[in-house]
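Survey of secondary and tertiary structure
Listed below are the residues making up each chain.
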Amino acid sequence: LHIADGMRSVIAEDDSDYCPTFLPNGASTVSAVTGVVTGFADANLYLTTMPESFAEPYPTASAPQFQKLGYTTNFWYAGPATWERIGAFTQAQGFEHFYSRGDYGDVPGSVWGCEDEVLYEKILDGLEAAGDAPSYNVILNASNHSPYDVDVDEKGFDREQVRAALPAEAQGDEHLLTELGHYWYADRELAKFVRAAKAKYPDSLFVIVGDHGDRYNIDKTPTTYERYGIPFVITGQGVHKGTLLADSAGSQIDIV
């Protein structure tokens, strides 16, 4: 369909590796956030609502570990700080700085958050303003999400090329094409961000992971793997093909 050419090109680079055997921490974005932030496996408990989460960081929390290693810790979110109490939660779990849509000014976006290109621009500006201090940055984007109201055609999405590549019974489904356009947009902007950040910070390491699967399947009877698998990509200084073993497997709690 040529809607993932951006990340495919990043994965193809010599300083990138990819693990196709990766599962989400749970069925929702908040499960992914809690997995990366706390290191805890999902147990159907909303850590963002539990008093213990706000008392002090858990011993397995990622931000305090990076802080001990000399990194400034930043969490960048495209949406509002009030979503799942993400602003208060991440800071209670040790992130020194939390940035959300309210910090970015009057920018385009949906109810879920600002457009990806705006988020990445704000991150690059913020890192530049912070100087050369090493930093650990967790980024949560939002454009590839309902209500799918980014004007992807205006952004350059080739709707007709994708339409022609779809099965005949799907070619007339304009909503499907718009959803695929948001995947294309998120993929393009992420690849652009990685390349721009690499150019500015050539010693950086990028870890790219999906938050969850099982919300959106073109095939109405997907295999279990197609339903639940998420991408995991590492790229940057010190990475090469084979950095991840051929039989590697994991989830979001394994990343840190």
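What this report covers is the structure whose coordinates are included nearby. (Residues numbered from 1 in each chain as written. Predicted model: local features only at pLDDT ≥ 70, side-chain atom pairs only at ≥ 80, totals over all residues. Heavy atoms only, no water.)

**Notes on the sheet that holds strand β8 (residues 205-209)**
Heads up, the rule is: Paired strands, in this sense, are two strands between which DSSP finds at least two bridges. In DSSP terms, a helix is any run of H or I states spanning at least four residues, a strand is any run of E spanning at least two, and both are numbered starting from the N terminus. Axis definition: a line fitted to C-alpha atoms, over the contacting stretch in the case of helices. Angles run 0 to 180 degrees between N-to-C directions. Residue contacts are counted whenever heavy atoms from the two residues lie within 4.5 Å of one another.
The strand order β1-β9-β8 describes an open sheet built from three strands, whose pairing is antiparallel. Of all the strands in the sheet, the pair left with one neighbour each is β1 (16-19) and β8. Direction aside, the axes of adjacent strands within the sheet are offset by 15° on average. With respect to the sheet, helix α9 (residues 174-200) is in contact with β1, β8 and β9 (232-236), its orientation differing from that of β8 by roughly 165°.

**Here's the deal with the pairing of β9**
The criterion, for reference: With a 1.4 Å probe rolled over the protein chains alone, any residue whose accessible area is under 20% of its type maximum counts as buried; one over 50% counts as exposed, and the rest are partly exposed.
Among the five residues of β9, five are classified as buried, and the element is accordingly described as predominantly covered. The alternating pattern of β9 places F232, I234 and G236 and V233 and T235 on opposite faces, both of which are buried. Taken together, the four bridges between β1 and β9 define a ladder with antiparallel strand orientation. Pairing of D17 across the sheet is with I234, part of β9. Bridge count for β8 against β9 is five bridges, and the pairing is antiparallel. In the sheet register, F206 faces β9, and the bridge partner there is T235.

**Some thoughts on unusual backbone geometry**
Of note, the bond from S146 into P147 is cis; its omega dihedral lies within 30 degrees of zero at 10°. Note that P147 resides in the loop between β7 (135-140) and α7 (152-155). We note that N44 has phi near 65°; this positive angle belongs to a residue other than glycine. The backbone of Y148 shows a phi angle near 50°, a positive value even though the residue is not glycine.

**What to know about the packing of aromatic side chains**
Within a pair of aromatic rings, the relevant descriptors are the distance that separates the centres and the angle that separates the planes. Filter applied, for reference: Two aromatic rings from Phe, Tyr or Trp, using only the six-membered ring of Trp, form a pair when their centres are within 6.5 Å; if the ring planes differ by under 30 degrees the pair is stacked, by over 60 it is edge-to-face, and anything between is tilted.
Using the criterion set out here, one finds 12 aromatic pairs in the structure. Residues F66 and Y71 carry aromatic rings whose centres are separated by 5.6 Å and whose planes lie at 80° to one another, so their mutual orientation is edge-to-face. Between the aromatic rings of F75 and F98, the centroid separation amounts to 5.9 Å while the plane-to-plane angle is 25°, which identifies the pairing as stacked. Of this pair, F75 sits in strand β3 (residues 72-77) while F98 sits in strand β4 (residues 97-99), and the two are 23 residues apart along the sequence.

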